[in-house]
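The primary structure of each chain is shown beneath.
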There are 2 protein chains.
Amino acid sequence: MHPFDEAVRLEALPDGRWRGRTLESYWNMVSPFGGVTAAIALNGILLQSDRQGDPIALTVNYAAPMQQGDFEVGVRLTRANRSTQHWAVEIRQGANAEVMVNAIAVLAVRRDTWGFTEAVRPPAVSAAESRRFRPLTAMRWPAMYDVRYARGEVRTDSPDSLSYSWIQDAEPRAVDFLSLTAYCDTFAPRLFFRRSTFVPIGTVSLNIYFHVSADELARHGSEPIFGVAQGQVAHRGYFDQQAQLWGRQDRLLATTQQIVWYKE
Amino acid sequence: MHPFDEAVRLEALPDGRWRGRTLESYWNMVSPFGGVTAAIALNGILLQSDRQGDPIALTVNYAAPMQQGDFEVGVRLTRANRSTQHWAVEIRQGANAEVMVNAIAVLAVRRDTWGFTEAVRPPAVSAAESRRFRPLTAMRWPAMYDVRYARGEVRTDSPDSLSYSWIQDAEPRAVDFLSLTAYCDTFAPRLFFRRSTFVPIGTVSLNIYFHVSADELARHGSEPIFGVAQGQVAHRGYFDQQAQLWGRQDRLLATTQQIVWYKE
């Protein structure tokens, strides 16, 4: 079993909830890598027997740092119509089953329509010519990915936070909605491009819009995803990040944004 | 009382929930203007006696079109620590109290920190020199706002969907988190910049990051907000929109994104 599949694995409990367990290999600084946590929330939805359609929008709010060990996932269908489903997820942990994560999502059955891609994928050097990401601090999860930067470097007091990165699982794995969700959180924190001093940070909310159906995504395979990320503002304790995740043939697979707490 | 305050007004029920009533003057095509609905969800949080801090992140999922009449708002504090609160909101309606909207939010007490604004406000002609927005179809809510476009026009088959608009309440009102939330949904749907034929559309999820505290926002007063909006992709039934809301002295007040269903 691929370690990512092990990390997002959920076991059905008799009462309808699901149980998972944090994996040390995806550990961040004080909690699991947020990308895996977001993928676990989505997996809770995808495992539902009455689930219909593909993910369109996912928002994950990180309420408290998850602890090492077991956790429980509660999933609720809040509303559905013929082609759209609205879901709410809570990940709980500890003796008092406190909420560590709450998330909401929209799923839908996609139809063929007119469309356009207005975003333009910027030119960049290949993954082979890009620099392997070196995190600022000792963390386990970066070793589970092969992230290489074609533009942007942390700790360089750059005038901007724009980065281009090639992203794939260190051990090859065909991309799906779960791994794409995790990829959305692999971008180095924007603050550290602009500033070389380390300060504690933590994502409080992650938002993802998916722009492909499952079959379209499956066609991508296990090649690296190309990520473009930039921050717009850092003000009084919170900075943002926007990113695009591009697949083969200049297909925009997902767009994502997050807001991140920083200490000073 | 300003009509917007009337539209977002909630009355406490004995069981802890809140009751509101849709206002015809903010009616959209088949449901109330989504910006007001988002503001109602946020208002449910701001009215809580144990609420602490300012909104940082808000995600509103539109689960079903709200009907004319009364609705009930349920607000739940899912998790809190010393400086951060996580909230969940549901707006319900009808005999079976079905979920029409579900939302999650992060609030926090902001501290002074180092910061930067990387986004650049583009130059534009003044509000006086801009074109008043003319919606494609008969809707009530646009008359409640004074929205003028300095760049971009719907129904022109433009090569891009980038627009600059000046936004204010038609009847002047000092901006606060509630009206800023509503402003985030005043942008004409990106699809209609690229395409002149009308098709049914509907926002399914709206995400807002706030980049100011209440006292900083209060300093803006009732002058127009400058909005920059653009879509990145429209594919198989869903298109996105990203926007920045700028205040006086080039201050980035909020950034927002939404994903919108379209029929064909």
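Keep in mind the model is a prediction, meaning the values are calculated, not measured.

Engineer: It is not clear to me how helix α2 (residues 34–46) of chain B should be interpreted in this structure. Could you clarify?
Structural biologist: A rise of 1.5 Å per residue sets the reference length of α2(B), with its 13 residues, at 18 Å; its end C-alpha atoms lie 18 Å apart and thus fit the reference within 8%. Most of α2(B) sits out of view: 13 of its 13 residues are buried.

Engineer: How do you make sense of the side chain of R195(A) when you look at a structure like this?
Structural biologist: As for its position among the elements, R195(A) is in the loop between α4 (191–194) and β11 (201–210). Within polar-contact distance, the side chain of R195(A) engages the side chain of T197(A) at 3.3 Å. The residues touching R195(A), leaving out its near neighbours within four places in the chain, are R155(A), D157(A), E264(A) and W114(B).

Engineer: Before we go on, may I ask you to explain the pattern of salt bridges in this structure?
Structural biologist: A side chain with one charge can pair with a side chain of the opposite charge if their charged atoms come near. Inspection of every chain in the model, using the stated rule, returns 42 salt bridges over all chains. Its salt-bridge partner being D5(A), residue R173(A) comes within 2.8 Å of it at the nearest N-O pair. A residue pair is termed long-range when its members are at least 10 positions apart, and R173(A) in the loop between β10 (163–169) and α3 (177–183) and D5(A) in helix α1 (residues 3–7) qualify at 168 residues. We classify D5(A) as partly exposed; its relative accessible area is 27%. Across the salt bridge formed by D146(B) and R132(B), the nearest N and O atoms sit 3.7 Å from each other. Of the two residues, D146(B) is situated in strand β9 (residues 145–151) and R132(B) in strand β8 (residues 131–132); the sequence distance between them amounts to 14 residues. Given the relative accessible area of 11%, D146(B) is considered buried.

Engineer: Explanation requested: the pairing of strand β6 (residues 98–108) of chain B in the structure shown.
Structural biologist: Along any regular strand the residues' side chains alternate between the sheet's two faces. All names here are of chain B. Counted residue by residue, β6 has 10 buried out of 11 residues, so it is predominantly covered. Judged from the 8 bridges that link them, strand β3 (residues 54–62) and β6 form a sheet pairing that is antiparallel. Looking at β6, one finds that Y62 is bridged to V101. Judged from the 10 bridges that link them, strand β5 (residues 84–93) and β6 form a sheet pairing that is antiparallel. Note on β6: the bridge partner recorded for R92 is V99.

Engineer: I tried to follow the interface of chain A and chain B on my own but got confused; where do I start?
Structural biologist: You'll often see interface size given as the accessible area lost when the parts meet. Each partner contributes residues to the interface: chain A has 72 residues there, and chain B has 72 residues. Counting the surface lost from both chain A and chain B, the interface buries some 6100 Å², and carbon and sulfur atoms represent 50% of this. A per-residue breakdown of the area chain A buries against chain B is headed by R79(A), F116(A) and R236(A), which together make up 13% of the total. Taken together, chain A and chain B are joined by 10 salt bridges.

Engineer: How should I be thinking about unusual backbone geometry in this particular structure?
Structural biologist: What you tend to see is this: most non-glycine residues have negative phi, and most peptide bonds are trans. Even without a glycine there, the phi angle at R155(A) is positive, about 60 degrees. When you line up the elements, R155(A) lands in the loop between β9 (145–151) and β10.

Engineer: Help me understand the relation of the copies chain A and chain B, please; the structure alone is not making it clear to me.
Structural biologist: For the pair of chain copies, the relating transformation is a rotation about an axis with a translation along it. Screw-axis analysis of chain A against chain B gives a translation of 0.0 Å along the axis, an RMSD of 0.0 Å, and a rotation angle of 180 degrees. Those values place the two copies in the arrangement expected of a two-fold rotation axis. Looking at the interface residues of chain A, 100% of them are also at the interface in chain B, so both copies use one shared face.

Reading the values: the criteria
- Here the residue numbers are simple positions, counted from 1 along each chain's written sequence.
- Starting at A for chains and at 1 for ligands, labels are handed out in the order in which the entities are written.
- The predicted nature of this model means local features are confined to residues of pLDDT at least 70 and side-chain atom pairs, given and counted, to a pLDDT of 80 or more, with totals for whole chains, interfaces and linings taken over all residues.
- Think of the side-chain values as coming from all heavy atoms in the structure, minus any hydrogens and water.
- Strands here mean DSSP runs of E at least two residues long; helices mean DSSP runs of H or I at least four residues long; both are numbered from the N terminus.
- The span you would expect from a helix comes to 1.5 Å times its residue count less one.
- Only protein chains enter the area calculation, which uses a 1.4 Å probe; residues under 20% of their type maximum are buried, those over 50% are exposed, and those in between are partly exposed.
- In the analysis that follows, any N or O atom pair within 3.5 Å is treated as a polar contact, provided that within protein one partner can donate a hydrogen and the other can accept it, and provided that, for residues neighboring in sequence, both atoms belong to side chains.
- The criterion used for residue contact is that any of the two residues' heavy atoms lie within 4.5 Å.
- A side-chain nitrogen of Lys or Arg and a carboxyl oxygen of Asp or Glu constitute a salt bridge if their distance falls within 4 Å.
- DSSP-based pairing: two strands are paired if at least 2 bridges between them are found.
- By buried area we mean the combined loss of accessible area, with a 1.4 Å probe, across both parts when two parts are placed together.
- A least-squares fit on C-alpha atoms brings the copies together, and the residues used are those whose pLDDT is at least 70 in both copies.

Nothing here speaks to function; it is geometry throughout.
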